[in-house]
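Residue-level listing of the chains:
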Protein chains: 2
Amino acid sequence: MYIGRENKQNEEIGLSWSKKAVAEAEAVAAISCSGHGRAFLDGPISGGQPICECYDCYSGVDCSEFSPAGSCVVDVERMSYWYNDDTMMSTELEKYIRQLHSLVGNANTEGRYLVFGLGAIQLLSAAVYGLSSQNSSSPSTVVASAPFYQFFKYQSVLFNSNFEDANSWKSNNSSDDTDVIEFVTSPSNPGGEFKTPVLGGKTIYDQVYFWPHFTPVPAPSDQDVMIFSISKLTGHAGTRFGWALIKDKDVYDKVSTYIKVADLGISKDTQLRALKLLKVVLEDDGRPFFEFGYNTMRDRWERLTLVFAKSSRFSIQQRDPLHCNFFNETRLPSPAYAWVKCERDEDVDCGAVLEAGNIIGSSGSTFSDDDRYVRLNLMKSHDDFNLLMQRLNELVAHENSTHETM
Amino acid sequence: MYIGRENKQNEEIGLSWSKKAVAEAEAVAAISCSGHGRAFLDGPISGGQPICECYDCYSGVDCSEFSPAGSCVVDVERMSYWYNDDTMMSTELEKYIRQLHSLVGNANTEGRYLVFGLGAIQLLSAAVYGLSSQNSSSPSTVVASAPFYQFFKYQSVLFNSNFEDANSWKSNNSSDDTDVIEFVTSPSNPGGEFKTPVLGGKTIYDQVYFWPHFTPVPAPSDQDVMIFSISKLTGHAGTRFGWALIKDKDVYDKVSTYIKVADLGISKDTQLRALKLLKVVLEDDGRPFFEFGYNTMRDRWERLTLVFAKSSRFSIQQRDPLHCNFFNETRLPSPAYAWVKCERDEDVDCGAVLEAGNIIGSSGSTFSDDDRYVRLNLMKSHDDFNLLMQRLNELVAHENSTHETM
């Protein structure tokens, strides 16, 4: 179809960034399935385009072949909670996730089962259920070593497990107790360093920060239960999409059952959104995406390091260089958070000190650590980060001009 | 801008059904917030269009006013799990849900709190948590009267409550025990009739079928906890969106906390999708939508009634007329399911009988009832329903020509 220059201009005035997406959506909707099936954007592909998924007793490339006789049954049991292949998880999306890990080199997915959840958060409790022993009248014991992500504790209270600090538990209990479940966030929240278990028994690895924009990737993670999310990969925290890679079939069955019984699988809209996001992430082998993320975080850490170097009142976490397989260089971590410490004896409530300087962070006690620490989120917009730098510079300048408390 | 007929044709060749949606999306994205904020499709509206939601310390209609001094703080604690108004639930969507119930007249939302969940399913367990007494070391007791939706039982096993049949429990326990929680599905699953509690204490009403396409609407439901979902309203079961209307503030706080701790709120993509769906439902006061749904279900029931009238081997549930305030007429229910009974003594496994006739339904025992019953889903596509009718007609014709078992 010839579109003259004037026509093209008129057409372009209407749409810009959405053109590709909308053309794709209309093209898939226009695939003829003879009125006896549908093709979907996130459906199985053949010959480069989604195939028709036919209704019961219809078949053929365009669902035009009707076979009512013989063994063809009409299913009036199921509803649209399931994809056509009887799963609750998009096969296309699963494929992209495995491709992503292979490309980044941050997790071994070979022989691992995959379960989707409503964010990594939902998978934490699903994984506890998956690893718990069968005796359901005793609540599970769940531990983590401080500082740890506060939801480990909050969820345990809600779902009736017993939560304890990992080091305390270790001091007070026999190492023969194999039923206790440990959460390990690695790279850690809030500090960003690689972390190992205290107990070494049943362990759930929360690896949501294990991406090149936050940390060197020295080797693929190879744990029995590894949890990731889109929130810390692309920033789409509101989309609520996470996934667990699970080695053991029985554990996988239990985790999968948990998600099914808790909410009949996660939203198909969410899965489609995640698929689209991953397609963008994986363009050009992920280089543009991860380079942008890493450069941004690295620049932010350079600016932070400069300002904290001028301070004796405040310090941030030490960062040690490691080799990164993804960028093929030795580099410093560029963690998602600054874990700020107030160094003066009198500054026991560091959150209050920063708040007086118009910075709202998360106090150390949120992570079951000392309130001398505050966690600052470095993943926000340029405006927010620039404002943070401005406030930090003001605080440090004030510190250097006077020693009295603000 | 003048668009000549030829241009319009060229433009129209590209897009059809998506034009309105994509124009809306691009228009919102083009709203200028000076690079210091964003407007969203599901954001708060002023003067008929979404307003700019500004980053910290920026303000004004277009976020161009920067106020870094004084009390303006930079928030480096939160992430995008929240909308700009600090909630996890879309205010626009909440508004539309209340409007929907007011229009249909199926629930009293006055003074009720609203909580969103990942389908009604997630809200069932959230509501049990909300109504449970504080003593968390004792599992809650949850009951329902057979036949009941199987997930009531499945969830209890998973979340460590004790589940029992309501009538058995009543026979064996004192009515002074006010801690037991009862699920009532009304209109019921599978039969479609209005149902009342056995115990009359703490009750969670699963009202997902309480829409004009399934049942007369004699009066708005006015219960303490009422759960609805998009699945049975529009058929978008895969979207996974449900809501609970809750009277008591303490119960609401607990249910809200459960959703927050279980998964940091539900997907924003899901909420946007639900908003768009409700906008369509509510067009022209809901008439086109609900008339289409009701006419479809009524026609299906007329066809079903005809075929079962010819059968002595199979029967379906009785339906009694009631006045409907929405359609302002007395009408029969047109339930989501046929609850088929095998009447012959030897047909103890009705599912097997139907399966031999190439119909897959859900056996009665799924709902803790007799396997003489089978539930058939009447909410499927026209193709599926036509195929069901064909199979039923074959079964009944065979029954009338010979009395031997197939």
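Quick caveat: nothing in here was measured; it's all calculated off a predicted structure.

So, how was this worked out
- Residues numbered from 1 in each chain as written.
- Chains lettered and ligands numbered in written order.
- Predicted model: local features only at pLDDT ≥ 70, side-chain atom pairs only at ≥ 80, totals over all residues.
- Heavy atoms only, no water.
- Least-squares fit on C-alpha atoms with pLDDT ≥ 70 in both.
- Pairing = 2+ DSSP bridges.
- Helix = DSSP H or I, 4+ residues; strand = E, 2+ residues; numbered from the N terminus.
- Right-handed = clockwise from strand over helix to strand, strands pointing away.
- Axes fitted to C-alpha atoms, helices over the stretch in contact; angles between N-to-C directions.
- Contact = heavy atoms within 4.5 Å.
- Buried < 20%, exposed > 50% of the residue type's maximum accessible area, 1.4 Å probe, protein only.
- Polar contact = N/O pair within 3.5 Å; in protein donor to acceptor, adjacent residues only side chain to side chain.
- Salt bridge = Lys/Arg side-chain N within 4 Å of Asp/Glu carboxyl O.
- Buried area = accessible area lost by both parts, 1.4 Å probe.
- Nonpolar A, V, L, I, M, F, W, Y, C, P; charged D, E, K, R; others polar.
- Domains from an automatic or database assignment.
- Arc of directions from axis to C-beta.
- Expected span 1.5 Å × (residues − 1).

Turning our attention to the relation of the copies chain A and chain B. With an RMSD of 0.0 Å, the operation that places chain A on chain B is a rotation of 180° combined with a shift of 0.0 Å along the axis. As the rotation angle and translation indicate, the two copies are arranged about a two-fold axis.

The subject of this paragraph is the pairing of strand S10 (residues 162-165) of chain B. Residues and elements named next belong to chain B. Here four bridges tie strand S9 (residues 141-144) to S10, and the two strands are oriented parallel to one another. Bridging across to S10, valine 143 finds its partner in glutamate 164. Following the backbone out of S9, through helix H5 (residues 151-158) and into the adjacent parallel S10, one traces a crossover that is right-handed.

On to the sheet that holds strand S12 (residues 202-206) of chain B, then. Residue and element names in this part refer to chain B. Strand order in the open sheet formed by seven strands is S8-S14-S13-S12-S11-S9-S10, with mixed pairing between adjacent strands. At either end of the open sheet lies a strand with only one pairing partner, and these are strand S8 (113-117) and S10. With direction set aside, neighbouring strand axes in the sheet form an average angle of 25°. As defined by bridge partners, S9 adjoins strand S11 (residues 181-185) across two bridges and the pair is classed as parallel. Each residue of the ladder has a partner; that of valine 143, found in S11, is glutamate 182. On the sheet, H5 packs against S9, S10, S11 and S12 and is oriented at approximately 155° with respect to S10.

Moving on, we come to unusual backbone geometry. Keep in mind that most residues, glycine aside, have a negative phi and that most peptide bonds are trans. Note that the residue after B:Ala146, namely B:Pro147, is joined by a cis bond; omega there is -5°. With respect to the helices and strands, B:Pro147 occurs in the loop between S9 and H5. Residue B:Pro190 is bonded to the preceding B:Asn189 through a cis peptide linkage, with omega at 15°. With respect to the helices and strands, B:Pro190 occurs in the loop between S11 and S12. The phi torsion at A:Cys63 lies on the positive side, around 60°, for a residue other than glycine. Within the fold, A:Cys63 resides in the loop between strand S5 (58-59) and strand S6 (65-66). Take A:Cys63: its relative accessible area is 0%, and that puts it in the buried class.

It is worth spelling out the side chain of B:Asp347 at this point. Position of B:Asp347 relative to the elements: it lies in the loop between strand S18 (337-342) and helix H11 (350-356). A polar contact is formed between the side chain of B:Asp347 and the side chain of B:Arg313, at a distance of 2.8 Å.

Within this structure, the stated rule accounts for 23 salt bridges over all chains. With a closest N to O distance of 2.4 Å, B:Asp86 and B:Arg78 form a salt bridge. A salt bridge links B:Asp224 to B:Lys247, with the shortest nitrogen-to-oxygen separation between them at 4.0 Å. Remark: B:Lys247 occurs in the loop between strand S14 (242-246) and helix H8 (249-263) and B:Asp224 occurs in the loop between S12 and strand S13 (225-229); sequence separation between them is 23 residues. Given the relative accessible area of 45%, B:Asp224 is considered partly exposed. Residues joined by salt bridges that share partners form a network here, namely A:Asp75, A:Arg78 and A:Asp86.

A word on the interface of chain A and chain B. Counting from both sides, the interface comprises 86 residues of chain A and, opposite them, 87 residues of chain B. Carbon and sulfur atoms supply 56% of the area that chain A and chain B bury against each other, a total of about 7,400 Å² over both sides. The closest approach of N and O atoms between A:Arg273 and B:Asp269, which form a salt bridge, is 2.8 Å. Our enumeration of links across chain A and chain B arrives at 44 residue pairs in polar contact (both at pLDDT 80 or more). Counting residues per element, the side of chain A that touches chain B draws most heavily on helix H12 (residues 382-401) of chain A, at six residues. When its residues are assigned to classes, the side of chain A that touches chain B shows 40 nonpolar, 27 polar and 19 charged.

Residue and element names in this part refer to chain A. Per the domain assignment, the segments making up chain A are domain 1 (5-79), domain 2 (91-284) and domain 3 (287-405). Its C-alpha centre places domain 1 at a distance of 34 Å from the equivalent point of domain 2. Between domain 1 and domain 2, the contact holds five residues from the first and five residues from the second. The junction of domain 1 with domain 2 conceals about 450 Å² of combined surface from both sides, 52% of it contributed by carbon and sulfur atoms. In this assembly, domain 1 and domain 2 are joined by one salt bridge. For lysine 276, the salt bridge identified is with glutamate 24, shortest N-O distance 2.5 Å.

The complete set of buried residues in helix H2 (residues 19-29) of chain B reads B:Val22, B:Ala25, B:Glu26 and B:Val28. Take H2(B) and look down its axis: the buried residues cluster within an arc of 165°, on one side only.

Along its 13 residues, helix H4 (residues 119-131) of chain B runs 19 Å from first to last C-alpha, staying within 8% of the 18 Å computed at 1.5 Å per residue. Inspection of H4(B) places B:Gly119, B:Ala120, B:Ile121, B:Gln122, B:Leu123, B:Leu124, B:Ser125, B:Ala126, B:Ala127, B:Val128, B:Gly130 and B:Leu131 among the buried residues, and these make up the whole buried set.

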